[in-house]
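Examination of the molecular architecture
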Amino acid sequence: MTTVTFHTEGNRITGFDSKGHSGYADAGEDILCASIGAAITVVEATINDVLGLAASVKIDEENAHISLRLPGGLSQTAESTCQSLLTGLMLYFTMLNDEYPDNIEVLEDE
């Protein structure tokens, strides 16, 4: 199962951790893992490459662990954009959880 934990401080999402393989299908054929990975990649690329922010990203492929943490001190526009991206990611993963409850779990941690 993939567990995605969104970290918050008050109403601000500060980042997330994604751990584990979904187990929906064999490696290389798992459309759920591919969907999760693609969504994470789009959000990370938008934050770091498009917006030019320095979000901390750690990837441990061996243990299927990806983490992202937003930097502090963002401008109001950058903060608003990042919050929209991370909220959309949380919503998407929650929708996946509704469809695949045995394969993805979405948590919030304050």
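This text follows the structure it describes.
Residues numbered from 1 in each chain as written. Predicted model: local features only at pLDDT ≥ 70, side-chain atom pairs only at ≥ 80, totals over all residues. Heavy atoms only, no water.

On to the overall build of the chain. From N to C terminus, the chain includes 2 helices and 5 strands. If you list the helices and strands of the chain from N to C, you get β-β-α-β-β-α-β. Overall, the chain is about 40 × 25 × 20 Å in size when its C-alpha atoms are taken along their principal axes. Residue burial in the chain is summarised as follows: out of 110 residues, 37% are buried. If you take every contact in the chain between residues at least 6 apart in sequence, the share linking residues at least 24 apart comes to 57%. Summing over all exposed atoms, the chain offers an accessible surface of approximately 6,300 Å²; the carbon and sulfur share of this is 50%. Looking at charge distribution, the chain has the averaged site of its 4 positive side-chain charges lying 12 Å from that of its 18 negative ones. (Helix = DSSP H or I, 4+ residues; strand = E, 2+ residues; numbered from the N terminus. Buried < 20%, exposed > 50% of the residue type's maximum accessible area, 1.4 Å probe, protein only. Contact = heavy atoms within 4.5 Å. Areas by Shrake-Rupley, 256 points an atom, 1.4 Å probe, with all protein chains shown as cover. Lys, Arg positive; Asp, Glu negative; His and termini not counted. Charge placed at Lys NZ, Arg CZ, Asp CG, Glu CD.)

As a packed pair, helix α1 (residues 31-50) and helix α2 (residues 76-99) sit with axes 10 Å apart at the nearest point and diverge in direction by 175°. Here α1 lies roughly antiparallel to α2, going by the angle between them. When α1 is examined against α2, the residues Leu32, Ser35, Ile36, Ala39, Ile40, Val43, Thr46 and Ile47 are found in contact with a partner set consisting of Cys82, Leu85, Leu86, Leu89, Tyr92, Phe93 and Leu96. Here the contact of α1 with α2 is built from residues that sort into 13 nonpolar, 2 polar and no charged. (Axes fitted to C-alpha atoms, helices over the stretch in contact; angles between N-to-C directions. Parallel < 35°, antiparallel > 145°, perpendicular 65-115°, else oblique. Nonpolar A, V, L, I, M, F, W, Y, C, P; charged D, E, K, R; others polar.)

Here strand β3 (residues 56-60) pairs with strand β4 (residues 65-69) via 5 bridges, running antiparallel. For Lys58, the partnering residue across the bridge sits in β4 and is Ser67. Between β3 and β4, which pair antiparallel one after the other, the connecting turn spans 4 residues, and Ala64 there sits at a positive phi close to 50°. (Pairing = 2+ DSSP bridges.)

Right, let's get into the packing of aromatic side chains. Applying the stated criterion across every chain, the model contains 4 aromatic pairs. Between Tyr24 and Tyr100 the ring centres are 5.1 Å apart and the planes differ by 80°, which places this aromatic pair in the edge-to-face class. In this pair, Tyr24 is assigned in the loop between β2 (12-19) and α1 and Tyr100 in the loop between α2 and β5 (104-109), connecting sequence segments 76 residues apart. According to the relative accessible area criterion, Tyr24 is partly exposed, its value standing at 40%. Look at Tyr92 and Phe93: their rings are 5.8 Å apart centre to centre, the planes differ by 40°, and that puts the pair in the tilted class. (Phe/Tyr/Trp six-rings, centres within 6.5 Å; stacked < 30°, edge-to-face > 60°.)

With that out of the way, let us pick up the layout of surface pockets. If you roll a probe as big as a water molecule over the atoms, it shows you where there is empty space left. Taken as a whole, the largest pocket encloses approximately 210 Å³ of empty space. As for the largest pocket, its lining consists of 15 residues, of which Gly20, His21, Ala64, His65 and Ile66 are closest to the centre. Elements represented by at least two residues in the lining of the largest pocket include exactly β2, α1, β3 and β4. With 4 residues, the single largest contributor to the lining of the largest pocket is α1. For the lining of the largest pocket, the class distribution of residues is 6 nonpolar, 6 polar and 3 charged. (1 Å grid on protein atoms, 1.4 Å probe; cavity = no way out; pocket = protein on both sides within 12 Å on 5 of 7 lines; lining within 4 Å. Points joined across faces, edges and corners; volume = space filled by probe spheres on them.)

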